[in-house]
Amino acid sequence: MKKTILASALVVATATAAHAEGGLMSSIKPDASLEYAMEAEKWSGDMGVTASVFGLSVRPALDFSYKNGDSMTFDGAEIKGTMPLSTGLSAYSTLNLTNKFKYNDITVGVAFSF
C-alpha cells in the first residue's frame, strides 16, 4: 500500500512539474478543517494539500481528533481524487486508511454545487 501511495504522489509531482503554467508549487495548496461534535464533545479535523493537474484534483490528508481531557489522536489518512464532469458537477473517490496506514474503505460519489 505504501508503494501505491508513493507512486501516486510521484505521478502527481512529475505531471505537475511538467505542466507549463508555473510548475509544481503553483498547483499545490495547503488546507485544513476543524469541527466540533456537540453530542460526542469531541474535536476532529484534518490537514492536507490539494494538487490540481489537468483538471484532476488530488488531496492527501491526515485526520486527527481531540476529546476533552485526552491528548490529540491520529485517526488515519485519506486520499481523495476529484474530476469535474460539467459546470457544478464532479465525480470523486476517496481512499481511507487507518492510523497504521492500512486499507480501511473506498468511497465513490458525485458532488454538485450551485
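All figures in this text were calculated on a predicted structure; none of them were measured in a lab. (Residues numbered from 1 in each chain as written. Predicted model: local features only at pLDDT ≥ 70, side-chain atom pairs only at ≥ 80, totals over all residues. Heavy atoms only, no water.)

Draft legend 1. Seen up close, the pattern of salt bridges. Summed over the entire model, instances satisfying the criterion amount to three salt bridges. With a shortest N-O distance of 2.5 Å, R59 and D31 are connected by a salt bridge. Residue R59 is located in strand β3 (residues 56-67), and its partner D31 is located in strand β1 (residues 28-37); the two are separated by 28 residues in the primary sequence. By relative accessible area, R59 is classed as buried at 14%. E78 serves as the salt-bridge partner of R59, at 4.0 Å between the closest nitrogen and oxygen. Taken as a pair, R59 in strand β3 and E78 in strand β4 (residues 73-86) lie far apart in primary sequence, 19 residues in all. E78 sits in the buried class, given a relative accessible area of 19%. Sharing partners across several salt bridges, the network here consists of D31, D46, R59 and E78. (Salt bridge = Lys/Arg side-chain N within 4 Å of Asp/Glu carboxyl O. Helix = DSSP H or I, 4+ residues; strand = E, 2+ residues; numbered from the N terminus. Buried < 20%, exposed > 50% of the residue type's maximum accessible area, 1.4 Å probe, protein only.)

Draft legend 2. Representation of the packing of aromatic side chains within the structure. Under the counting rule described, the total for this entry stands at three aromatic pairs. Both rings, one in Y36 and one in W43, keep their centres 4.9 Å apart while their planes meet at 55°; by these two values the pair is tilted. What makes Y36 partly exposed here is its relative accessible area of 35%. By relative accessible area, W43 is classed as partly exposed at 38%. Taking 5.7 Å as the distance between ring centres and 40° as the angle between the ring planes, the aromatic pair formed by F74 and F101 counts as tilted. With F74 in strand β4 and F101 in the loop between β5 (89-97) and β6 (103-112), the pair connects residues that are 27 residues apart, well separated along the chain. A residue is classified by how much of its surface remains accessible, and F74, at 30% relative accessible area, is partly exposed. Between K80 and the ring centre of Y92, over which it is positioned, the NZ or CZ distance is 4.6 Å. (Phe/Tyr/Trp six-rings, centres within 6.5 Å; stacked < 30°, edge-to-face > 60°. Lys NZ or Arg CZ within 6 Å of the ring centre and 35° of its normal.)

Draft legend 3. Examining the confidence of the model for the protein more closely. Mean pLDDT over the protein works out to 84, with 78% of the residues at or above the 70 mark. Taking the mean pLDDT of every element in the protein, the minimum, 51, falls on helix α1 (residues 2-18) and the maximum, 97, on β5. Ignoring residues within four places in sequence, the model shows residues 16-20, a span with pLDDT below 50, making seven contacts including any to other chains. (pLDDT = per-residue confidence, 0-100. Contact = heavy atoms within 4.5 Å.)

Draft legend 4. How the structure looks around the pairing of β3. As paired strands, strand β2 (residues 42-53) and β3 are joined by 10 bridges and run antiparallel to one another. When the sheet's bridge partners are listed, V53 is paired in β3 with L56. The hairpin formed by β2 and β3 contains two residues between the paired strands, and F54 there has a positive phi angle of roughly 50°. Of the strand pairs in this sheet, β3 and β4 are connected by nine bridges, and their pairing is antiparallel. Counted as the bridge partner of A61 is E78 from β4. Counting the residues that bridge the hairpin from β3 to β4 gives five residues, and of these G69 lies at a positive phi of roughly 90°. (Pairing = 2+ DSSP bridges.)

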